[in-house]
Amino acid sequence: MQKVTLKKAVFPVAGLGTRFLPATKASPKEMLPVVDKPLIQYAVEEAYSAGIRHMIFVTGRNKRAIEDHFDTAYELESELEKAEKHALLSVLRSVQPDDMHCAFVRQPRSLGLGHAVLCAEHLIGNEPFAVLLADDLMMGPVGGLSVLAQMAAQFEQVQQSIVAVQEVPAAHTRRYGIVAVDAATDAYPALMKVQKIVEKPAPDVAPSRMGVAGRYILTPAIFEHIRNQSSGVGGEIQLTDGIAGLMRQENVYAFQYQGKRYDCGSKEGFLEATVELALQHPEIGDHFRAYLKSIKLD
Ligand code: UTP
């Protein structure tokens, strides 16, 4: 079998971001900064670190700022050049490395994550691709591979769809796609074959406590299954249901990643990410640590 390498990533960013209103009334949730970088840039950097160079954004109304962020800012660049602010200039230019290509496609209505992925079909064609949900901010282990790079390494071996999973508290199963899996085998010791996947089940009917995090590697066969499914939980075209269909045709694997996930679609997760990443930040980390220590918490 000829091995296929992952080249493209889809970033569905057309959601309404209602949990962050009013901040998301006119600006995209994915542009909310954690310390000094917008959520979407963390996700794009993660895909880039996995060797992906074609970034496809599924956008919607009020998402123009995302396109601008990944475009050249000529005026700003020439001002910084004039002022000889070279360090800032390279920060600015690093947002879009020369070998990275961005494409944008619109999802006319927020009909669900599965529908958003389907909107990118004509840009993907007949090859495997990654899906990254930018509101799940994923940090790989210190000095180790990013979460998507870990998954891409698994994909190199297995050449089939892989979803990132983590154990979630029983009370939180309604927030995730939940999988039931077979034990890993000697052939693929880090992968567990998915037996069942259910979107947002109640704790008493959830098949396990293994929740899907916002990173997927999918084969193009997924598109047919999404296209043929009716709306699921919340009246949305769910990616989870598409994956359930795909499992009838091909193996789908769950991968328990190394690292940490911050649910930046929720206020609590966003604040946790902000505090933890600020503490690690080379410029402000020490000052911020001292500041936190000085606060009296009762
Ligand atoms: P979420 O359900 O977490 O995001 O979707 P949301 O709908 O924007 O946020 P809330 O729940 O109203 O606060 C997960 C990801 O899927 C994208 C979102 O942009 C987010 O990155 N998405 C969701 C789409 O692109 N299109 C959709 O129709 C739905």
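Structure first, text after, so check above.
Residues numbered from 1 in each chain as written. Predicted model: local features only at pLDDT ≥ 70, side-chain atom pairs only at ≥ 80, totals over all residues. Heavy atoms only, no water.

Engineer: Sorry if this is basic, but what is going on with the packing of aromatic side chains here?
Structural biologist: Counted according to the given criterion, the structure contains 7 aromatic pairs. Ring centres 4.9 Å apart and planes at 15° place the aromatic pair Phe57 and Phe104 in the stacked group. Of this pair, Phe57 sits in strand E4 (residues 54–59) while Phe104 sits in strand E5 (residues 101–106), and the two are 47 residues apart along the sequence. The exposure class assigned to Phe104 is partly exposed, which follows from its relative accessible area of 30%. An aromatic cluster of at least three residues, connected via ring pairs, comprises Phe11, Phe57, Phe70 and Phe104. Note that Lys37 overlies the ring of Tyr42, its terminal NZ or CZ placed 4.8 Å from the centroid. (Phe/Tyr/Trp six-rings, centres within 6.5 Å; stacked < 30°, edge-to-face > 60°. Helix = DSSP H or I, 4+ residues; strand = E, 2+ residues; numbered from the N terminus. Buried < 20%, exposed > 50% of the residue type's maximum accessible area, 1.4 Å probe, protein only. Lys NZ or Arg CZ within 6 Å of the ring centre and 35° of its normal.)

Engineer: Help me out: how do you make sense of the pattern of salt bridges in this one?
Structural biologist: Oppositely charged side chains can pair when the atoms bearing their charge come close. Counted according to the given criterion, the structure contains 16 salt bridges. Salt-bridge contacts for Lys63 lead to Glu30; the nearest nitrogen and oxygen are separated by 3.0 Å. Highlighted residues: Lys63 in the loop between E4 and helix H2 (64–69) and Glu30 in the loop between strand E1 (8–12) and strand E2 (33–34), separated in sequence by 33 residues. The closest approach of N and O atoms between Glu121 and Arg227, which form a salt bridge, is 2.7 Å. Of this pair, Glu121 sits in helix H6 (residues 121–124) while Arg227 sits in helix H8 (residues 222–227); the two residues are 106 residues apart in sequence, bridging distant segments of the chain. The exposure class of Glu121 is partly exposed, given its relative accessible area of 25%. Through salt bridges with shared partners, a single ionic network connects Lys7, Lys8 and Glu127. (Salt bridge = Lys/Arg side-chain N within 4 Å of Asp/Glu carboxyl O.)

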